[in-house]
Amino acid sequence: ATQKLKEHVPCGYAYKVVLSEEFAGDYDSELVVYRDSGHGKVAESFIVSLHEEAERLAPILKTKKEMDLSAEQELAHKAATVCWLCLDPFIVGDEKKKKCHDHCHYT
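All values derive from a computational prediction rather than experimental measurement.

Conventions we followed
Residues numbered from 1 in each chain as written. Predicted model: local features only at pLDDT ≥ 70, side-chain atom pairs only at ≥ 80, totals over all residues. Heavy atoms only, no water. pLDDT = per-residue confidence, 0-100. Helix = DSSP H or I, 4+ residues; strand = E, 2+ residues; numbered from the N terminus. Phe/Tyr/Trp six-rings, centres within 6.5 Å; stacked < 30°, edge-to-face > 60°. Core = buried A, V, L, I, M, F, W, Y, C linked by side-chain atoms within 4.5 Å. Buried < 20%, exposed > 50% of the residue type's maximum accessible area, 1.4 Å probe, protein only. Contact = heavy atoms within 4.5 Å. Expected span 1.5 Å × (residues − 1). Bend = angle between axes of the 7 residues up to and from the residue. Polar contact = N/O pair within 3.5 Å; in protein donor to acceptor, adjacent residues only side chain to side chain. Salt bridge = Lys/Arg side-chain N within 4 Å of Asp/Glu carboxyl O.

1. A word on the confidence of the model for the protein
Point 1. With 91% of its residues at a pLDDT of 70 or more, the protein has an overall mean of 85.
Point 2. The element-level mean pLDDT for the protein is lowest in helix α1 (residues 42-62), coming to 90, with strand β1 (residues 12-15) highest at 96.

What follows is the structure in structure tokens.
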């Protein structure tokens, strides 16, 4: 049987949301540092804080921007018959096997 020797009690957390340089101006994020003041609800505070960040990020992630592909990249995409990552063939009409551009959350 496992014998419990210690109990981990979180005393704080820190995080920073980082976006690629291209989109950094869309979201201003400072380092978030939280230290417990004795109420013992660090985990709950962390989850609330993450939900607040998610609400602030949601409009940015819903924004769609056009991909900036070169003519060469576009031709390579059109000519492709298999996925460059998994090497599975593309299947028209199959949502999991359809051809798509590799993208970030903005494009």
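2. Brief notes about the packing of aromatic side chains
Point 1. With the rule as written, the count across this model stands at 4 aromatic pairs.
Point 2. Joined through ring pairs, the aromatic side chains of Tyr13, Tyr15, Tyr34 and Phe46 make up one cluster.

3. Some points on the nonpolar core
Point 1. If you look at the biggest cluster of nonpolar residues, it comprises 8 residues: Tyr13, Tyr15, Val17, Tyr27, Tyr34, Val42, Leu57 and Ile60.
Point 2. Every element with two or more residues in this core is listed here: β1 and α1.
Point 3. A per-element tally of this core places α1 first, with 3 residues.
Point 4. Apart from the residues within four sequence positions on either side, Tyr15 is in contact with Glu30, Leu31, Val32, Phe46, Ser49, Leu50 and Glu53.

4. Quick notes on unusual backbone geometry
Point 1. Even without being glycine, Leu87 reaches a positive phi, approximately 70 degrees.
Point 2. Its location among the elements puts Leu87 in the segment after α2 (71-79).

5. Digging into α1
Point 1. Helix length check: α1 (21 residues) gives 30 Å between terminal C-alpha atoms against 30 Å at 1.5 Å per residue, within 8%.
Point 2. Bending of α1 peaks at approximately 35 degrees at the position of Arg56, with proline Pro59 no more than four residues after it.
Point 3. Every buried residue belonging to α1 is among Val42, Ser49, Glu53, Leu57 and Ile60, and all of these are buried.
Point 4. Contacts from the buried residues of α1 go to β1 and β2 (32-35).

6. Digging into the side chain of Glu53
Point 1. Residue position: Glu53 is located in helix α1.
Point 2. Side chain to side chain, Glu53 and Tyr15 meet in a polar contact 3.2 Å long.
Point 3. If sequence neighbours within four positions are ignored, Glu53 has contacts with Tyr15, Val17, Tyr27 and Val32.

7. Here's the deal with the pattern of salt bridges
Point 1. Taken as a whole, this structure holds 3 salt bridges when the rule is applied.
Point 2. The partner of Arg56 in a salt bridge is Glu53, with the nearest N and O atoms 4.0 Å apart. One end of the pair, Arg56, and the other, Glu53, are both in helix α1, 3 residues apart, so they sit about a helical turn from each other.
Point 3. Judged by its relative accessible area of 44%, Arg56 falls in the partly exposed class.
Point 4. One salt bridge in this structure joins Glu95 and Lys98, with 3.3 Å as the shortest N-O distance.

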